[in-house]
Amino acid sequence: MADLLNVGTSALLSLQRAISTTGHNIANVNTEGYSRQRVNFDTLPSQFSGGNYIGSGVSTTSVQRSYDQFLTSEVRTRTASQSGFQAFYELSSRLDGLLADPAVGLAPALDSFFGVVQDVANNPGSLPERQVLLGEAQVLADRFHYLDGNFRNMGDELNTRIEGAVGEINSLAQSIADLNEEVVRATARATGEPPNDLLDARDQLINQLAEIIGVTTVEQSDGAVNVMVGKGQSLVVGFTAEQLQTAVDPYDGTQILVGSASPAGGITDLSRFLSGGELGAALDFRERMLNPAINQLGMLATGIAATFNEQHQLGLDLNSQPGGEFFLPLNATFVAHPNNSGLTSLAVDISDATALTGDDYSLRFGGGQWTLTNLTTNVTQTGAGPFAVDGLAINVAGAPVDGDAFVIQPTRQGATLFDVVLSRPEDFAAAFPLRSASELSNTGSAQIEGVVVTDASGLPLAGQVTLTFNPDALGIGLPGFDLTGIAGGPLSYDPATQSNGAAFSLGGIDFTVSGDPQSGDELTISNNTGGSGDNRNALALAGLQTSRELAGGTSSYQETYGRLVADIAVQSRQAETGATTESILLEQAVGARESVSGVNLDEEAANLIRFQQAYQAAAQMITVADQLFQTLLNATQR
Amino acid sequence: MRLSSAQIFQQGISAILVQQSKLQHTEQQLATGRRMLTPADDPVAAVQVLSLTEDLQLIDQYQRNGSLAEGQLALEETVLADVGNMLNRVRELVVQANNASQSPESRRSIGTEIAARVDELQALANTRDASGEYLFAGFQSHTEPFSRLGNSYSYNGDNGQRMLQVAGSTQVAVRDSGFDVFMSVPTGNGTFDIEPAGTNTGTAVIGSNSANGSFVADSYSIIFSQTTPADPVTYQVVDSSAAVVASGNFLPGDNIEFAGVSVRFDGLPENGDSFALSPSVRQDMFSTLQNIVGHLEGAGSAPSELAALNNAMGQALNNIDQALGHVLNVRADVGVRLGHVESQLNINDSFNVQLQETLSEIQDLDYADAISRFNLQLTTLEAAQQAYIKMQGLSLFNFL
């Protein structure tokens, strides 16, 4: 009887545990990261009695969680990459959205600006058109500032995000280290039985960490988990959490770096190594999309300012003065690393704005020479300097020390600084500085046309330049023009073969002569004083809109802007596709884990019934034992 | 596969969310009429839209430039027509003045009328356009191009010609400089010009003259001589180096021919009368007309004076014909440019339509497609919602 009672009691106790574990499962059906648990039953050792082994009941050996190490780490990896892609997509689609509205992009401002240049060309002497031109130029500048400002606001916001993410990483790392300690203690206390709920909580924390940054984990034999980020940078080791830190980029005061405390003081930059999760996405977005976008916009601004100014300065304004600067001339910016110890001075000039690429460069001294690296293409050149690369002229001077470094961001400030400096409408140079004429007394039909200035340094002319036709200018029978008023020998011109037009270039002045001159006929070039009706330079300036001025003569202004829009759009689209794919992969990974670890209420309901019935049966066993005992007592009661 | 309850819930919800976001995208497309809501929807098309929009703006601008060019050319055309009419009137007056029936007094009064015409010509040459610019001043459009000092006129403009952009690679000249229109008119018959010496005393009058074959450009003198009245009249032509080019006897009405020149003389020259023949030069219309006025005012009645007047009027007629021809050439040129602008405007118009079509194909929404898509998505969303409700209603606990 005692045995039966014992068997019944063991069953009741075990089933109670099973029912309460089922209840625990039901209770945690919505707890994130919870792995369903089940009770493992085991028969108690049987007793040898009367030549037979008699069973002695049941016991619970363990409460086990349904858990698959591989599926859990798959979910973690997918979480990091999905949340990374998602964050990248959100950021890039905001950048994309900035350029989406055709009314606020740069394109309409460029279009109207050049439209007004043509209006000025239509009526060069009129002040109202010129005034509108200055207004439209300001609108163009404002549009540059608007886009640039929005880009930079995103940069500021990224800084806040990065700081927030680093704070969160540090606090999660601390919590994981704390849980490590608890898990190790609890495991020891329960002599090897796993503290299921603590393990779930720790997995959940690591998963939260993976949303912010891609992690790798290594399980220790004592139950602790070590967590690494980036390229093996340890974040949690046993019971201690390392701290990530943020610091201002020494090369760019507007952006924040992530690193770890360096033994030498300061921080070691880890930004390049961190990937995955929201933090990885923020760093990646800044590196791959935002900074290039700012650079590209700056390159366009620098290019427009330089090429428009160049043509404008070849012209003559309404007061017959040489054209000045229309836009503020923009120059390259560079930053010296604060730790530079050598006495080095650097000068970076934009020698050819049409050859700029929008890339950044680093210049580092080591091994007795400078190394100039394009940070986008990683193309390097070495030497003592000066360097010429992509439209830049880089001059180094002084006594450098190994480790001295500069970062050159030629166009980073371009769009910020883009501005109109011409303030008076009459200062717009719509005219060309020179005009040409054939003298009334000429008896031949020679014409001089297309007088274009390519170099304004010799202007204004000291006096009139006269070309006098002389059949023997270059020797007997060698016809040409004798020159007065300008340096240069007689110009060879043979009416017999060249009457359809011959082009000449003299001291920065190009022109074409055609027709059949008679001996002594004069063609003249003189300063275009009072040429208020001349629109030739305005036409040349308007022509800049469609000519391919930038990127080494391959791209018009609009096309350069189009490339920026396309770059952003393509990356944003890729990020969207990536985010969609990653969401599906994550869903699948979660599904696979859930199929092992998730709680299914129907299943639990069935279990509940099963265990309840078994419990009722075990309780019946106690009754039976009691009745058996009573029967025995009754039988022996006399 | 085993499903967890949380997963069933989650999947149901995310299916609904996905459908909702698709529906919202279509709804946005329908609301804006744009196929692409952001460049990322179709990066290639986004760039095409940028470049097409720029092209459209340019065409708009070219159309505006073209209309302006039309207006300016039409104005110039009108002025040139007036100049032509005025020159024709002067020509009639000169023919009239050359008539033998006129007295010196009537000639003087014709001179007065021509003087008034010169003023008219000056006013025409100083025409301004709607924005106050002088049409015929070249680049110096704010300087009055033709000014008068005494009887001489001077041109204060330059040879500049304003061009307007009427298409991507087409510029059209919308002005002609005063130099080209009024100053640069060939004298004589366009090849050479003959002038009697002021000292002539005979009645020889230059008749029809023309370049006959290839004119050898040089200054020639035609000198008549008749030592005694009984001798025949002879002539001698010498070139600029005093070499004799031609010589012979002369009778009134004879053609003298040399070096590609053929010129007839009527009337009888006196001994020593001479005529200078030189290659045409360019002279301004004002001087041409002003010379006529001078000759008419100084008209006399002696035979030699009449001959001088006839010669002067003959020369003047030549010059006026040159001026008329010149103005007509310029007008024809203006007409050609006007035609060019008009055809360019038409080309631009059709190009505009074509670009609009392309742009619309790229960026505009196909409503039929979008609406049917919208309905489909709506149905899908409803189905997802109903399926979700049904799924959530299932539980074994309902039966406990």
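Residues numbered from 1 in each chain as written. Chains lettered and ligands numbered in written order. Predicted model: local features only at pLDDT ≥ 70, side-chain atom pairs only at ≥ 80, totals over all residues.

Within chain A one finds eleven helices and 27 strands. Compactness check: chain A gives a C-alpha radius of gyration of 42 Å against a globular reference of 26 Å for 638 residues, more than 25% above the reference. Here chain A holds 638 residues, and 42% of them are scored as buried. Summarising the internal contacts of chain A: among those between residues at least 6 apart in sequence, 68% fall at separations of at least 24. (Helix = DSSP H or I, 4+ residues; strand = E, 2+ residues; numbered from the N terminus. Rg over C-alpha atoms; globule rule 2.2 N^0.38 Å. Buried ≥ 20, exposed ≤ 12 C-beta atoms within 10 Å, placed from the backbone. Contact = placed C-beta atoms within 7 Å.)

Here we take up the overall build of chain B. Along the backbone of chain B there are seven helices and 14 strands. Against the 2.2 N^0.38 benchmark of 21 Å for 400 residues, chain B shows a C-alpha radius of gyration of 41 Å, more extended than a compact globule. In terms of its C-alpha atoms, chain B occupies a principal-axis envelope of roughly 160 × 40 × 30 Å. Here chain B, with 400 residues, has 34% of them falling under the buried criterion. Within chain B, contacts between residues separated by at least 24 positions form 70% of all contacts whose residues are at least 6 apart in sequence.

Right, let's get into the domain arrangement of chain B. Residue and element names in this part refer to chain B. By domain assignment, chain B separates into domain 1 (34-190 + 282-364) and domain 2 (195-279). On a C-alpha basis, the centroid separation for the pair domain 1 and domain 2 is 39 Å. In this complex, domain 1 contributes nine residues to the contact, which on the side of domain 2 involves twelve residues. For the side of domain 1 that touches domain 2, the class distribution of residues is three nonpolar, six polar and no charged. (Domains from an automatic or database assignment. Nonpolar A, V, L, I, M, F, W, Y, C, P; charged D, E, K, R; others polar.)

With that settled, consider the sheet that holds strand E23 (residues 480-484) of chain A. Residues and elements named next belong to chain A. In space, the five strands of this open sheet follow the order E20-E27-E22-E23-E24, with antiparallel pairing throughout. Strands at the two margins of the open sheet, each flanked by one partner only, are strand E20 (434-438) and strand E24 (491-492). With five bridges joining them, strand E22 (residues 465-470) and E23 adopt antiparallel strand pairing. Residue pairing in the sheet places Thr 468 in a bridge with Asp 482 of E23. (Pairing = 2+ DSSP bridges.)

What follows concerns the interface of chain A and chain B. Contacts between the two partners involve 54 residues from chain A and, on the opposite side, 48 residues from chain B. Counting only elements with at least two residues in the side of chain A that touches chain B, the list comes to helix H2 (69-98), helix H3 (106-122), E20, helix H9 (536-543), helix H10 (557-597) and helix H11 (601-636) of chain A. With 13 residues, H10(A) is the single largest residue contributor to the side of chain A that touches chain B. Its residues assigned to classes, the side of chain A that touches chain B shows 20 nonpolar, 26 polar and eight charged.

The next thing to look at is the sheet that holds strand E10 (residues 244-249) of chain B. Strand pairing in a sheet takes place through backbone hydrogen bonds and is either antiparallel or parallel in direction. Residues and elements named next belong to chain B. Pairing in this open sheet of five strands is antiparallel, and the strands run E6-E13-E8-E9-E10 from one edge to the other. Unpaired on one side and paired on the other, strand E6 (192-196) and E10 mark the two borders of the sheet. If you compare each strand with its neighbour and ignore which way they point, the axes differ by 15° on average. With five bridges joining them, strand E9 (residues 234-238) and E10 adopt antiparallel strand pairing. Bridge pairing in E10 links Val 238 to Val 244. (Axes fitted to C-alpha atoms, helices over the stretch in contact; angles between N-to-C directions.)

Right, let's get into unusual backbone geometry. Residue and element names in this part refer to chain A. Of note in this structure, Asp 390 is not a glycine but carries a positive phi near 40°. Relative to the helices and strands, Asp 390 is located in the loop between strand E17 (387-389) and strand E18 (392-399). Look at Asp 390 and you get partly exposed, because 18 C-beta atoms sit within 10 Å. One non-glycine residue, Ala 551, lies in the positive phi region at around 50°. Assignment of secondary structure puts Ala 551 in the loop between H9 and H10.

As a further point, take the pairing of strand E12 (residues 261-266) of chain B. All names here are of chain B. The alternating pattern of E12 places Val 261, Val 263 and Phe 265 on a buried face and Ser 262, Arg 264 and Asp 266 on a face that is not buried. Examined bridge by bridge, strand E7 (residues 205-211) and E12 share five bridges and lie antiparallel to one another. Each bridged residue has a counterpart across the sheet, and for Val 205 the counterpart in E12 is Asp 266. Pairing of strand E11 (residues 255-258) with E12, which is carried by four bridges, proceeds in the antiparallel orientation. Bridging across to E12, Ile 256 finds its partner in Val 263. The hairpin formed by E11 and E12 contains two residues between the paired strands, and Ala 259 there has a positive phi angle of roughly 45°.

Attention now goes to the domain arrangement of chain A. Residue and element names in this part refer to chain A. With domains assigned, chain A is organised as domain 1 (2-66 + 600-636), domain 2 (72-116 + 138-280 + 556-588), domain 3 (297-423) and domain 4 (434-527). For domain 2 and domain 3, the distance between their C-alpha centres works out to 32 Å. With twelve residues of domain 2 at the contact, the number on the domain 3 side is 14 residues. At the level of elements, helix H4 (127-189) and H10 are the ones that each hand at least two residues to the side of domain 2 that touches domain 3. Here the side of domain 2 that touches domain 3 gets five residues from one element, more than from any other, and that element is H4. Its residues assigned to classes, the side of domain 2 that touches domain 3 shows eight nonpolar, two polar and two charged.

This next bit is on the environment of B:Ala115. Structurally, B:Ala115 is set in helix H3 (residues 104-125). On the neighbour-count criterion, B:Ala115 (17 C-beta atoms within 10 Å) is partly exposed.

Another point: the packing of helix H5 (residues 196-212) of chain A against helix H6 (residues 277-312) of chain A. Residue and element names in this part refer to chain A. At a minimum axis separation of 2 Å, H5 and H6 run at an interaxial angle of 10°. Relative to H6, H5 is oriented roughly parallel. Contacts from Ala 210, Glu 211 and Ile 212 of H5 reach H6 at Gly 277, Glu 278 and Leu 279. Taken together, the residues of the contact of H5 with H6 break down into three nonpolar, one polar and two charged. (Parallel < 35°, antiparallel > 145°, perpendicular 65-115°, else oblique.)

Moving on: the confidence of the model for chain B. Residue and element names in this part refer to chain B. Scored by pLDDT, chain B comes out at a mean of 88, with 100% of its residues at no less than 70. For chain B, E7 is the element with the lowest average pLDDT, namely 84, and helix H7 (residues 367-393) is the one with the highest, namely 92. This complex was scored by the predictor with a pTM of 0.85 and an ipTM of 0.81. (pLDDT = per-residue confidence, 0-100.)

Turning to the nonpolar core, a few remarks are in order. A:Val117, A:Ile176 and A:Leu209 are the most contacted members of the largest nonpolar core, which has 147 residues in total. The element contributing the most residues to this core is H4(A), with 18 residues. If we skip the residues at most four places from it in the chain, A:Leu209 touches A:Ile169, A:Leu172, A:Val215 and A:Val227. In this structure, B:Val83, B:Phe146, B:Val172 and B:Leu289 belong to the second largest nonpolar core, which totals 73 residues. (Core = buried A, V, L, I, M, F, W, Y, C linked by C-beta atoms within 7 Å.)

Time to look at the packing of H6(A) against H9(A). Residue and element names in this part refer to chain A. Axis separation between H6 and H9 bottoms out at 9 Å; the angle between their running directions is 165°. What the angle tells us is that H6 and H9 run roughly antiparallel. Judged by the sense of rotation from one axis to the other, the crossing of H6 with H9 is right-handed. Contacts between H6 and H9 involve Phe 308, Gln 311 and His 312 on the former and, on the latter, Asn 537, Ala 540 and Leu 541. Taken together, the residues of the contact of H6 with H9 break down into three nonpolar, three polar and no charged. (Left-handed = near helix turned anticlockwise from the far one by under 90°.)

Moving on, we come to the environment of A:Leu550. All names here are of chain A. You can see Leu 550 is positioned in the loop between H9 and H10. Accessibility expressed as a C-beta count within 10 Å gives 27 for Leu 550, which makes it buried. Setting aside its immediate chain neighbours within four residues, Leu 550 contacts Gly 303, Thr 354, Ser 555, Tyr 557 and Thr 560.

A few words on the environment of A:Thr373. Residues and elements named next belong to chain A. For Thr 373, the position within the fold is in strand E15 (residues 369-374). By the C-beta count within 10 Å, which is 17 here, Thr 373 ends up partly exposed. As for Thr 373 and Val 407, which are separated by 34 residues in sequence, their C-alpha atoms are 9.5 Å apart. Excluding residues that lie within four positions of it along the chain, Thr 373 makes contacts with Tyr 361, Ser 362, Asn 378 and Thr 380.

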